[in-house]
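Survey of secondary and tertiary structure
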Amino acid sequence: IYTAAHAGPEANRDTLAELLEARAEVAGLLGFQSHAHYITAPLLAGHPDAVRHLLGDMSGRAMDRAGEEMEMMLRYQQRAGARGPGIRGGSGTVRGWDRAFLIGRARSEECQLD
């Protein structure tokens, strides 16, 4: 079962390659440079480069925010370690299963919410 669940999509590779070729052909027949140009033309972005720029900008901001939230969780973890059972203060790490709990508590404390 594990092998079947984690097997690669080899059987679909040929179908996917055909789909990509068909998309490129349709875009070319309609006068577009690529499928990406065809898809973005009627949208607000208007060009694939605009989408790339937006995603790059959002990615940078998201990484910055993730870093801020990690620091916030670590500060909360450090403060709460001495106050309550089940919170390991001072470990310097946030385990995956603790993230939702810690960020919720840290935001509540830093924003002074009840």
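Read on for a plain summary of the structure. (Residues numbered from 1 in each chain as written. Predicted model: local features only at pLDDT ≥ 70, side-chain atom pairs only at ≥ 80, totals over all residues. Heavy atoms only, no water.)

Turning next to the nonpolar core. Counting residues in hydrophobic clusters, the biggest one holds 8 residues: Met72, Met73, Tyr76, Ala80, Val94, Leu102, Ile103 and Ala106. Mapped onto this core, the elements with two or more residues apiece are helix H4 (48-80) and helix H5 (99-110). In terms of residues, this core owes the most to one element, H4, which gives 4 residues. (Core = buried A, V, L, I, M, F, W, Y, C linked by side-chain atoms within 4.5 Å. Buried < 20%, exposed > 50% of the residue type's maximum accessible area, 1.4 Å probe, protein only. Helix = DSSP H or I, 4+ residues; strand = E, 2+ residues; numbered from the N terminus.)

The subject of this paragraph is helix H2 (residues 10-29). Along its 20 residues, H2 runs 30 Å from first to last C-alpha, staying within 8% of the 28 Å computed at 1.5 Å per residue. Two residues or fewer after H2 comes Gly31, characterised by a positive phi angle close to 90 degrees. (Expected span 1.5 Å × (residues − 1).)

A cluster of nonpolar side chains, namely Val26, Leu30, Tyr38, Ile39 and Leu43, defines an oily patch on the protein surface of about 430 Å² accessible area. Note that Val26 resides in helix H2. (Patch = residues over 30% accessible without salt bridge, like charges linked within 9 Å, V, L, I, M, F, W, Y side chains within 5 Å. Areas by Shrake-Rupley, 256 points an atom, 1.4 Å probe, with all protein chains shown as cover. Salt bridge = Lys/Arg side-chain N within 4 Å of Asp/Glu carboxyl O.)

Summed over all chains, the structure comprises 8 salt bridges. The partner of Arg65 in a salt bridge is Glu68, with the nearest N and O atoms 3.0 Å apart. One end of the pair, Arg65, and the other, Glu68, are both in helix H4, 3 residues apart, so they sit about a helical turn from each other. Residue classification places Arg65 among the partly exposed residues on the basis of a relative accessible area of 37%. Given a relative accessible area of 42%, Glu68 falls into the partly exposed group. For Glu69, the salt bridge goes to Arg107, with nearest N and O atoms at 2.4 Å. Pair noted here: Glu69 is in helix H4 and Arg107 is in helix H5, with a separation of 38 residues, a long-range link.

The next point concerns H5. The end-to-end C-alpha distance of H5 is 16 Å, a good match for the 16 Å that 12 residues give at a rise of 1.5 Å each. Listed as buried for H5 are Leu102, Ile103 and Ala106. Down the axis, H5 shows its buried residues gathered within 95 degrees of arc, on one side only. Its buried side turned inward, H5 meets H4. A positive phi of about 55 degrees marks Gln112, the residue just after H5. (Arc of directions from axis to C-beta. Contact = heavy atoms within 4.5 Å.)

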